[in-house]
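What follows is the residue order along each chain.
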2 protein chains.
Amino acid sequence: MKKRVPTIRDVAASAGVSVATVSKFMNGTQRFSAPVEARLKATIARLGYQSNPHARYMVTGETRTIGVAVLDIRNPHFTSLVKGANRIALQFDYTLLLVDLEENAAREYQLIEALARRVDGLLLNTRMADDATDRLAPLNKPIVMINRASDDSKVASVSPDNHRAGFMLAQHLLNQNYRDIGYLGYPQSRANTIRLEGVTDCLASAGLAPRVFEADSPTAAAGERACSSILFGPERPDALICYNDLIALGFLKEARNLGFSLPGDVAVCGFDNISHGEYAWPGLTTVDIRSERLGEIAMLRLVDALAGKPASESGPLEPRLIVRESTLGRPRGA
Amino acid sequence: MKKRVPTIRDVAASAGVSVATVSKFMNGTQRFSAPVEARLKATIARLGYQSNPHARYMVTGETRTIGVAVLDIRNPHFTSLVKGANRIALQFDYTLLLVDLEENAAREYQLIEALARRVDGLLLNTRMADDATDRLAPLNKPIVMINRASDDSKVASVSPDNHRAGFMLAQHLLNQNYRDIGYLGYPQSRANTIRLEGVTDCLASAGLAPRVFEADSPTAAAGERACSSILFGPERPDALICYNDLIALGFLKEARNLGFSLPGDVAVCGFDNISHGEYAWPGLTTVDIRSERLGEIAMLRLVDALAGKPASESGPLEPRLIVRESTLGRPRGA
DNA sequence: GTGAAAGCGCTAACAT
DNA sequence: ATGTTAGCGCTTTCAC
């Protein structure tokens, strides 16, 4: 015999009060006479009653749920984002409805749309083209986008300062006396463009320009694939800035396999400061874009929006350069 | 002017049919006359109508949502679990309600209880004591536990074959001629006991026994902390099996800092086959417990239970030994 | 093949 | 301070 979950009516009957009283008690909407309060407390505890969130939604219109869509939860940068978002959400009594899009552009919009029906607001990390964000408007829910170019004015978004992060990495390499600097990008990502601009702007101040290569996905496997053609190309760069740490790590590994010595033959660095980099060898120089904090900020923005507060326009999050062994070799001919 | 989301009544009115008809159409419960079907299709498309999942739940009792609680989403093993679970869930039209417990035992039960109210079933990864699982029964929802000892008969659970995995690692080290083998465990985890048993049983067949050390958390930081006292202890082991790859990676890094040469001075390996290990140096020998597949299987079990199907009792998932450089050094005196 | 109506568990407006 | 009641959007008998 399955025992039925107690409803508000069970509690009301059992405590000898009306459902309205129980409802008000549960929500702390009102004060009660001592005897009623005592009976209510006892009955609720005895029955183990908890209000049904879905029924509650029916009348309040609030789900206390935030939809989170990420391209790939296994990318440590995205994992951290979710971690940070989860922390703030719990703090404000929200729960995360998570969808891993698996980098599947085809189902992307459909999944997000379905997600939107069940939540109060959305935290989105997609590769959706800018014009496609128009399609999100009819969802009629507060949305915060993550890792989107900040000049995208239509929807709220939080991103690291990608330009500055790129600039930092390039400056560091210049300081280390590297001159022939390559950039291994991932053109599908919006952040890629800005990171490259940061690199380019910095190098320009020294009268240099980066040689640009492309990876076909933001993964270590893509870094491995790109490696040989870069290292055995006509003019091998001194140093390589990769679109993210995963690509850098893959490149690093493959370069070692190919018999190159790192960072002696080529220095390598990336973006994101994923934990892999700390335990790799040589340790990976990177720039910490503070993913977890980014997730917290994004969720904070959403919570504010949901509470009807104005968006506190804080600037992009300051990145931090993390120098490790992968860029500390003496460049050729220096 | 905010435009209201269309309800089933809007569609009914606009198409000149009853709400019952629209409902049946949406659910494919019935066939319709051509004209009605055409009108319905057109109206639904025009209004962009989609049924409200919460209202639907009110009558069906189904949320089409699975609650997933993990100890720490940033632990790559758990991330993979979620990835696999998400894949199967989407396939069966479920969505994941995710809660990261942040290894916080205090709020654990409370969070899970709240989660249970909103979902059809639960996928749980907790350190809750076995007797505490009794507290989950009143939740009255199908539950699949992850990474729990298989002898725990009360609740369904899926786990890797931890004993075999431990055995494999120990056997590999014996094959490599290591004799003085240590085990750096994390006693708070149930899997830890079984992994150690696997190691112990294997070594026993060679007349040996592992020396056991303890880490205070399942993280790289804990591996770093444990390192010096093990390596500078009275009798330094030849080889060290760590409770998981994170601990192993931390140990590896710190050992290098302390001036040891790996695997020459000490071989190191772990469990989980997290991607870090492939890009570390020396590459980390590990045993792949197939986390992502584990997540898939767990979710499959849950989906079956929800569909009223009997649990197909498949045995534990076969682990796979992944040998890399961290255990390929020549042992001392061999 | 289609419609009318009851009711899921809850909150909020209003009455007392 | 407490109770009555009308829905929220939907599915599901049960008529027709």
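None of the values given here were measured: they were computed from a predicted structure.

Rules used in this analysis
- Here, residues in each chain are numbered from 1, in the same order as that chain's written sequence.
- The order in which chains are written sets their letters, starting at A; the order in which ligands are written sets their numbers, starting at 1.
- For this predicted model, a pLDDT threshold of at least 70 governs which residues receive local features, and a threshold of 80 or more governs which side-chain atom pairs are given and counted, while totals over whole chains, interfaces and linings are taken from all residues.
- Computation of side-chain values: all heavy atoms of the structure, hydrogens and water removed.
- A run of H or I in DSSP counts as a helix once it spans at least four residues, and a run of E counts as a strand once it spans at least two, with each numbered from the N terminus.
- Here a helix's expected span is defined as the number of its residues, less one, multiplied by 1.5 Å.
- Note on classification: 1.4 Å probe, protein chains only; a residue is buried when its accessible area is under 20% of the maximum for its type, exposed when over 50%, partly exposed between these limits.
- The directions considered for the arc are those from the helix axis to the C-beta atoms.
- For this analysis, residues touch if any pair of their heavy atoms sits within 4.5 Å.
- Our superposition of the copies is a least-squares fit, built on the C-alpha atoms of residues whose pLDDT is at least 70 in both.
- Proximity is defined per residue: if any heavy atom of the residue lies within 4 Å of a molecule or strand, that residue is considered near it.
- N or O atoms within 3.5 Å of each other form a polar contact, as long as, within protein, one can give a hydrogen and the other can take it, and as long as residues adjacent in sequence are counted only when both atoms are side-chain atoms.
- Side-chain classes are defined by residue name, with Ala, Val, Leu, Ile, Met, Phe, Trp, Tyr, Cys and Pro counting as nonpolar, Asp, Glu, Lys and Arg as charged, and the others, Gly among them, as polar.
- Where each domain begins and ends follows an automated or database-derived domain assignment.
- When two parts are brought into contact, each loses some accessible area as probed by a 1.4 Å sphere; the total of that loss over both is the buried area.
- Definition used for salt bridges: Asp or Glu carboxyl oxygen within 4 Å of a side-chain nitrogen of Lys or Arg.
- At least two bridges found by DSSP between two strands is the condition for calling them paired.
- Fitted lines through C-alpha atoms serve as axes, helices being fitted only where they are in contact, and the angles separating the N-to-C directions of these axes extend from 0 to 180 degrees.
- What we call a nonpolar core is a set of buried Ala, Val, Leu, Ile, Met, Phe, Trp, Tyr and Cys residues that are connected through their side-chain atoms within 4.5 Å.
- Think of it this way: a Phe, Tyr or Trp ring, Trp meaning its six-membered ring, pairs with another when their centres are within 6.5 Å, and the plane angle makes it stacked under 30 degrees, edge-to-face over 60, tilted otherwise.
- Sitting over a ring, as applied to charges here, requires NZ of Lys or CZ of Arg to be within 6 Å of the ring centre and within 35 degrees of the ring normal.

Engineer: An account of helix H3 (residues 34-47) of chain A is requested, with residue identities and associated values reported.
Structural biologist: Residue and element names in this part refer to chain A. Taking 1.5 Å per residue as the helical rise, H3 with its 14 residues ought to reach 20 Å, and the 20 Å between its terminal C-alpha atoms agrees with that figure. When H3 is considered as a whole, its buried residues turn out to be Val36, Leu40, Thr43 and Ile44. Buried residues of H3, viewed axially, fall in a sector of 95 degrees; they line one side. Seen from the buried face of H3, the exposed residues on the opposite side, beyond 90 degrees, are Ala34, Pro35, Lys41, Ala45 and Arg46. Where the residues of H3 are buried, they touch helix H1 (8-15) and helix H2 (19-27).

Engineer: Summarise the relation of the copies chain B and chain A; cite the residues concerned and give the values.
Structural biologist: Aligned on chain A, chain B shows an RMSD of 0.1 Å; the corresponding rotation is 180 degrees and the shift along the axis is 0.1 Å. Accordingly, the operation relating the two chain copies is best matched by a two-fold axis. When the interface residues of chain B are mapped onto chain A, 98% of them are again interface residues, pointing to one common binding face.

Engineer: Please provide a residue-by-residue account of the protein's contact with DNA strand D, values included.
Structural biologist: Around DNA strand D sit 27 residues, and of these Lys24, Gln30 and Ser33 of chain A together with Ile8 and Tyr49 of chain B come closest. The contact atoms of DNA strand D, taken as those within 4 Å of the protein, divide so that sugar and phosphate hold 62%. One nitrogen or oxygen atom from the side chain of threonine 21 of chain A is found 2.6 Å from a phosphate oxygen belonging to DNA strand D. At 3.4 Å from a base oxygen of DNA strand D is found a main-chain nitrogen or oxygen belonging to methionine 58 of chain A. Tallying contributions element by element places helix H4 (residues 53-60) of chain B first for the surface near DNA strand D, with five residues. Its residues assigned to classes, the surface near DNA strand D shows 13 nonpolar, 11 polar and three charged.

Engineer: Go over the protein's contact with DNA strand C with me, naming the residues and quoting the values.
Structural biologist: DNA strand C sits among 25 residues. The nearest are Ile8 and Tyr49 of chain A together with Thr21, Gln30 and Ser33 of chain B. Taking serine 18 of chain B, its main chain carries an N or O atom lying 2.9 Å from a phosphate oxygen of DNA strand C. Here a base oxygen of DNA strand C sits 3.4 Å away from a polar atom, N or O, in the main chain of methionine 58 of chain B. Every element with two or more residues in the surface near DNA strand C is listed here: H1, H2 and helix H4 (53-60) of chain A together with helix H2 (19-27) and H4 of chain B. For the surface near DNA strand C, the element with the highest residue contribution is H4 of chain A, accounting for five residues. Residue composition of the surface near DNA strand C, by class: 12 nonpolar, 10 polar and three charged.

Engineer: Before we move on, could you go through the domain arrangement of chain A and cite the residues and values that matter?
Structural biologist: All names here are of chain A. Its domain assignment divides chain A into domain 1 (65-160 + 291-317) and domain 2 (162-289). Computed over C-alpha atoms only, the centres of domain 1 and domain 2 are separated by 28 Å. In this complex, domain 1 contributes 15 residues to the contact, which on the side of domain 2 involves 13 residues. It is Pro76, Arg127 and Pro160 in domain 1 that bury the most area against domain 2; as a group they hold 45% of the surface buried on that side. The tally of links from domain 1 across to domain 2 stands at zero salt bridges. Of all the secondary-structure elements, those providing two or more residues to the side of domain 1 that touches domain 2 are helix H5 (76-91) and helix H12 (291-306). Taken together, the residues of the side of domain 1 that touches domain 2 break down into seven nonpolar, four polar and four charged.

Engineer: Hey, could you go over the sheet that holds strand E7 (residues 211-214) of chain B for me, with residue numbers and the actual values?
Structural biologist: Residue and element names in this part refer to chain B. Ordered by their spatial adjacency, six strands build an open sheet running E7-E6-E8-E9-E10-E11, and the pairing between neighbours is mixed. Of all strands in the sheet, those with a lone pairing partner are E7 and strand E11 (320-322), marking the two edges. Neighbour to neighbour, the strand axes of the sheet diverge by 20 degrees on average, direction disregarded. Its contacts with the sheet place helix H8 (residues 190-204) against strand E6 (181-185), E7, strand E8 (239-242) and strand E9 (267-271), and it is angled at close to 175 degrees to E6.

Engineer: Which residues make up the nonpolar core, and what values do they have?
Structural biologist: The biggest cluster of nonpolar side chains holds 88 residues, and the ones touching the most others in it are Met299 of chain A together with Met299 of chain B. For methionine 299 of chain B, the contacting residues outside a window of four places in its chain are Ile66, Ala85, Ile88, Ala89, Leu96 and Leu123 of chain B.

Engineer: Residues and numbers for the interface of chain B and chain A, please.
Structural biologist: Facing 53 residues of chain B, the contacting portion of chain A comprises 52 residues. Interface of chain B and chain A: buried area, both sides summed, is about 5,200 Å²; carbon and sulfur atoms make up 53% of it. On the chain B side of the contact with chain A, His54, Arg117 and Tyr279 of chain B bury the most area, a combined 16% of that side's loss. For the pair chain B and chain A, the interface holds 10 salt bridges. Residue aspartate 72 of chain B pairs with lysine 83 of chain A through a salt bridge whose shortest N-O separation is 2.7 Å. At the boundary of chain B with chain A, the tally comes to 31 residue pairs in polar contact (both at pLDDT 80 or more). At the level of secondary structure, the elements contributing two or more residues to the side of chain B that touches chain A comprise H4, helix H5 (76-91), strand E2 (95-100), helix H6 (105-116), helix H9 (220-231), helix H10 (245-257) and helix H11 (276-279) of chain B. For the side of chain B that touches chain A, the leading source of residues is H5 of chain B, giving seven residues. Of the residues belonging to the side of chain B that touches chain A, the class tally is 21 nonpolar, 14 polar and 18 charged. In the sheet, strand E2 (residues 95-100) of chain A pairs with E2 of chain B via three bridges, with the strands oriented antiparallel. Bridging across to E2 of chain B, leucine 98 of chain A finds its partner in leucine 96 of chain B.

Engineer: Report on the packing of aromatic side chains, specifying residues and quantitative values.
Structural biologist: Residue and element names in this part refer to chain A. Going through the model one piece at a time under the given rule, you end up with six aromatic pairs over all chains. Relative to phenylalanine 260, the ring of phenylalanine 232 lies with its centre 5.3 Å away and its plane at 55 degrees, an arrangement referred to as tilted. Residue phenylalanine 232 is located in the loop between helix H9 (220-231) and strand E8 (239-242), and its partner phenylalanine 260 is located in the loop between helix H10 (245-257) and strand E9 (267-271); the two are separated by 28 residues in the primary sequence. For phenylalanine 232, a relative accessible area of 53% corresponds to the exposed category. The exposure class of phenylalanine 260 is buried, given its relative accessible area of 12%. Its guanidinium or amino end placed over the ring of tyrosine 94, arginine 64 lies 4.1 Å from that ring's centre, counting from NZ or CZ. Over the ring of tyrosine 109 we find arginine 135; its NZ or CZ atom is 3.7 Å from the centre of that ring.

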